[in-house]
Amino acid sequence: MKYCFLARPWASSIGWLSGGAGLLLGCTQLPAETPPSVAFAQSLTSAPAADTSGYELAPPRDPNGIGTYYLGRQISHVMGHDGAGWLERNGRRQEEGTDILLKELKLKPTDVVADIGAGTGFFSFQLAKKVPKGQVLAVDIQPEMIAVLQTNKRRFRAANVRPVLGTTTNPALPADSVDLVLIVDAYHEFNHPREMGRAILHALRPGTGRLALVEYRAEDPDVPIKRIHKMSVEQARKEMDAIGLEFVESIETLPQQHLLLFRRKIGD
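These figures come from a predicted structure and were not determined experimentally. (Residues numbered from 1 in each chain as written. Predicted model: local features only at pLDDT ≥ 70, side-chain atom pairs only at ≥ 80, totals over all residues. Heavy atoms only, no water.)

Asks: Any chance you could break down helix α6 (residues 193–203) for me, citing the residues and the numbers?
Replies: A large share of α6 lies buried, amounting to eight of its eleven residues. Listed as buried for α6 are P193, R194, E195, M196, G197, I200, L201 and A203. (Buried < 20%, exposed > 50% of the residue type's maximum accessible area, 1.4 Å probe, protein only. Helix = DSSP H or I, 4+ residues; strand = E, 2+ residues; numbered from the N terminus.)

Quick look at the structure:
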C-alpha cells in the first residue's frame, strides 16, 4: 500500500486519542489537520509541570513536534477531536491487527483496565467484552471525546465502561487498583510524559499491574508513518525506567507496532 505524507504546523495524528498517525493522502481516510479547540489548546499550556527532570526546551527539529524534548525525544503535536472519525475507519482492524493485540493482552474477566487516550472508545468497548466482571476506565482529556464516549456507552449498552476526563499530567485513575493500562499510539504525544507516567505507575495494582504500550516501530523504515510518530524499544524502555516501570517483554506479532509490556517495580 502506498502512503503519501504531508507536513503541516499541526501534526497529523490524534493526540491522546488511540491511533495517532501521519496524514495519508489518497490512500486511506485520516483526520483533517485541524488544531484542537481553543479551550483544549489552552489546557495544554496551563500550569507548568512540577517535575522537570529529563525535559529540554529547544527549537523543533521536526515541524510535526513541539519545542519540548523528553529524554532526547521530541514530543509530537496533539490534534483535536475533529479527527475522531478516523479512529473508527474501515480497515483499522486489519491494518493494526487489533484482534491480535486484544488477544495478546491476556485479560481476565475480572480485570480493571484503563484505556488512556480512549477517543471514541474503539478499544474501550472491545475491552469491555473481555472483562465482563471487571471495568474499563476510558480516559481522554478532551471533553468532546468524553461526550462521544458517553453516547457510545449507551449505544453499546456497555455498563462496565466508565468515561473519565483526565488532564495532560494526570489520567485521574484510582490508586493501586488498575490491572492493565493500555496506551495505543498516543504516548508519544503526551505533553507531560514523566508526570503521566508517574500517575500511571501509582494507579497500577501492586505486584500484578501492567502497562501495555503500543507504538509504531521506529526501527522499521518500512512502517509508513512519520518518524516523530514512531518509538523504538530502546527509547520506550528508557522513559519507562525513568519513572519506575520495569520492562517485561516486547511482543512483535502486530503488523506495524511494538506491544511493550511493563510492570510496577517491586517496592515502588
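What follows picks up the thread again.
Asks: Explain the side chain of R210 to me, using residue names and the numbers behind them.
Replies: Secondary-structure assignment places R210 in strand β8 (residues 210–217). Buried charged residue R210 carries no salt bridge. Nearest counter-charge: D111, at 4.9 Å. From its side chain, R210 meets the backbone oxygen of L105 in a polar contact 2.8 Å long. Look past the residues within four positions of R210 in its chain and what remains in contact with it is L105, K106, L107, D179, L180, V181, L204, L261 and F262. (Lys, Arg positive; Asp, Glu negative; His and termini not counted. Salt bridge = Lys/Arg side-chain N within 4 Å of Asp/Glu carboxyl O. Polar contact = N/O pair within 3.5 Å; in protein donor to acceptor, adjacent residues only side chain to side chain. Contact = heavy atoms within 4.5 Å.)

Asks: A description of the packing of aromatic side chains should follow, citing residues and the corresponding values.
Replies: Applying the stated criterion across every chain, the model contains five aromatic pairs. Taking the centre distance of 5.0 Å and the plane angle of 40° together, the rings of Y55 and Y70 count as tilted. Remark: Y70 occurs in strand β2 (residues 65–70) and Y55 occurs in strand β1 (residues 55–57); sequence separation between them is 15 residues. Measuring from ring centre to ring centre gives 5.7 Å for F247 and F262, while their planes differ by 65°; the resulting arrangement is edge-to-face. Placement of F247 in strand β10 (residues 245–251) and of F262 in strand β11 (residues 257–264) is noted, with a sequence separation of 15 residues between them. Since its relative accessible area comes to 23%, F247 is described here as partly exposed. (Phe/Tyr/Trp six-rings, centres within 6.5 Å; stacked < 30°, edge-to-face > 60°.)

Asks: Any details on the pattern of salt bridges? Residues and values, ideally.
Replies: If you walk through the whole model with that rule in mind, you get ten salt bridges. For D99, the salt bridge goes to R93, with nearest N and O atoms at 2.9 Å. On the basis of relative accessible area, D99 is assigned to the partly exposed category, the value being 47%. Its relative accessible area of 44% is what places R93 among the partly exposed residues. Here K108 makes a salt bridge to D111, at a shortest N to O gap of 3.3 Å. Ionic contacts of the salt-bridge type, sharing partners, join the residues R217, D220 and E252 into one network.

Asks: Describe the pairing of strand β3 (residues 73–76), listing the residues and the values that go with them.
Replies: Pairing of β2 with β3, which is carried by three bridges, proceeds in the antiparallel orientation. The residue bridging Y70 from the neighbouring strand is R73, located in β3. Here β2 hands over to β3 after two residues, with L71 in that stretch at a positive phi of 50°. (Pairing = 2+ DSSP bridges.)

Asks: Give a detailed account of the confidence of the model for the chain, specifying residues and quantitative values.
Replies: Looking at the chain, pLDDT values average 83 and 76% of them are 70 or higher. Scored below 50 in pLDDT, residues 1–35 makes 131 contacts in the model with residues more than four places away or belonging to other chains. For residues 45–49, every residue scores under 50 in pLDDT, and the model assigns this stretch two contacts once sequence neighbours within four places are set aside. (pLDDT = per-residue confidence, 0-100.)

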